[in-house]
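Residue-level structure breakdown
Next come the chains, spelled out residue by residue.
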Amino acid sequence: MKNVYVLLTRAQTATSALIHLATGDLYTHVSLAYDDSLESLCSFARLYYSFPFPGGLIREEIRKGHFSHFKNVHCVLLSLPVTDEVHRNIKNCVQAMVRDRGNYRYSYLGAAFCRAGIATRRRSKRYFCSQFVAEILLQQGAVSLPKLPCLMRPQDFLKIPQFRLLYQGPIDRVFSAQEQKEKSENLIEGERRATDYC
């Protein structure tokens, strides 16, 4: 078994503030990663941190990317255990999309309909953040969703029981939480091996 990760955030931007005001959701953005270090983190968002347009598929770096421009970003990091096959399929799918990211666009209309609770048919190579994460996980058989991908909001991922909460707090401390998790897992694995040896 391996893990994929979902990161929920709410940045201090006008767009995020408007979404929060319209929905009341604590988290307004969601990203997906398939590695423990979160180096593969990506989502659909603004291409330039200082302006909401244009938007598309981007690689997100916590320490020096978009998130580094905003202070006190609150986040939740969730993990989802999946089989090796599902993990490989998610990784291959995301990598293929990232290689072709110049042809993907942010679906502003889809995001607006989602906020209104209206299901729409996705246009080719157009996504908003939560639709992207939801569709990848659903299509690759990682998890069942409470809603259609086009109606999933970032907050909805907290309602999926298969996800495990790894961290909640300031985003600049998320790596400390991950490092602590890895140390604990290494300690448990070491104890298991020692027991097997005895």
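Here the structure is shown first, and the text comes after it.
These notes cover the structure that comes with them. What you see as residue numbers is a count from 1 along each chain, following the sequence as written. Per-residue local features of the predicted model are confined to residues with pLDDT of at least 70, and side-chain atom pairs are confined, for both listing and counting, to 80 or more; whole-chain, interface and lining totals are unaffected and use all residues. Hydrogens and water molecules were not included; the side-chain quantities draw on all heavy atoms of the structure.

1. Some points on helix 3 (residues 108–115)
Accessibility here uses a 1.4 Å probe with only protein chains present; expressed as a share of the type maximum, an area under 20% marks a residue as buried, one over 50% as exposed, and anything in between as partly exposed. Only DSSP runs of H or I with at least four residues qualify as helices, and only runs of E with at least two residues qualify as strands; both kinds are numbered from the N terminus onward. Restricting attention to buried positions, one finds in helix 3 the residues Gly110, Ala111 and Cys114. End-on, the buried residues of helix 3 take up no more than an arc of 100 degrees, which puts them together on one face. The contact criterion used is simple: two residues touch if any of their non-hydrogen atoms lie within 4.5 Å. Those residues of helix 3 that are buried lie in contact with strand 6 (105–106). After helix 3 finishes, the residue Gly117 shows a positive phi value of roughly 75 degrees. The directions from the helix axis to the C-beta atoms are what the arc is built from.

2. A look at the packing of helix 2 (residues 84–99) against helix 4 (residues 129–139)
The interhelical angle for the contact between helix 2 and helix 4, taken along N-to-C directions, is 140 degrees, at an axis separation of 10 Å. Of the possible angle classes, the one that applies to helix 2 and helix 4 is oblique. As helix 2 runs across helix 4, the sense of the crossing is right-handed. Facing Ile90, Cys93, Val94 and Met97 of helix 2, the residues of helix 4 in contact are Phe132, Ile136 and Leu137. The residue inventory of the contact of helix 2 with helix 4, partitioned by class, reads seven nonpolar, no polar and no charged. Every axis corresponds to a line fitted to the C-alpha atoms, with the helix fit spanning only the stretch in contact, and the corresponding angles, defined between N-to-C directions, vary from 0 to 180 degrees. Oblique is the label for any angle not covered by the other classes, which are roughly parallel (under 35 degrees), roughly antiparallel (over 145) and roughly perpendicular (65 to 115). The sense of a crossing depends on the near helix, which, turned anticlockwise from the far helix by less than a right angle, makes the crossing left-handed and, turned clockwise, makes it right-handed. In the scheme used here, Gly and all other residues not listed as nonpolar or charged are polar, with Ala, Val, Leu, Ile, Met, Phe, Trp, Tyr, Cys and Pro taken as nonpolar and Asp, Glu, Lys and Arg as charged.

3. Observations regarding the nonpolar core
Ranked by internal contacts, the top residues of the largest apolar core, which has 39 residues, are Val6, Leu32, Ile90, Met97, Phe132, Leu137 and Phe157. Those elements giving two or more residues to this core turn out to be strand 1 (2–10), strand 2 (29–33), strand 3 (42–48), strand 5 (74–82), helix 2, helix 3 and helix 4. Apart from the residues lying within four places of it in its own chain, the contact partners of Met97 are Phe44, Leu57, Tyr104, Tyr127, Phe132 and Ile136. The nonpolar core is taken to be a set of buried Ala, Val, Leu, Ile, Met, Phe, Trp, Tyr and Cys residues, with the residues joined through side-chain atoms within 4.5 Å. Judged by nonpolar contacts, the second largest core, of 13 residues, contains Leu7, Leu38, Leu41 and Ile171.

4. Side note on a nonpolar patch on the surface
Together, Leu109, Phe113 and Ile118 line one region of the surface with nonpolar side chains, adding up to about 270 Å² of accessible area. Given the relative accessible area of 59%, Leu109 is considered exposed. Patch membership needs two things, relative accessible area over 30% and no salt bridge, and members are linked within 9 Å if like-charged or within 5 Å if nonpolar (Val, Leu, Ile, Met, Phe, Trp, Tyr). Per-residue accessibility takes into account occlusion by the displayed protein chains alone, with areas from the Shrake-Rupley method and a 1.4 Å probe. Only one rule defines a salt bridge in this text: a Lys or Arg side-chain nitrogen within 4 Å of an Asp or Glu carboxyl oxygen.

5. As for the packing of aromatic side chains
The pairing test for Phe, Tyr and Trp rings, Trp by its six-membered ring, is centres within 6.5 Å, and the orientation test on the planes gives stacked under 30 degrees, edge-to-face over 60, and tilted for anything in between. Inspection of every chain in the model, using the stated rule, returns seven aromatic pairs. A centroid spacing of 6.1 Å and a plane angle of 80 degrees characterise the contact between Tyr127 and Phe132, whose relative ring orientation is edge-to-face. In terms of burial, Tyr127 and Phe132 fall into one category: buried. An aromatic cluster of at least three residues, connected via ring pairs, comprises Phe44, Tyr104, Tyr127 and Phe132. Lysine NZ or arginine CZ positioned within 6 Å of the ring centre and within 35 degrees of the ring normal marks a charge as sitting over the ring. When the ring centre of Tyr104 is taken as origin, the NZ or CZ atom of Lys125, which lies over that ring, is 5.4 Å away.

Keep in mind that these numbers describe shape and distance, not what the molecule does.
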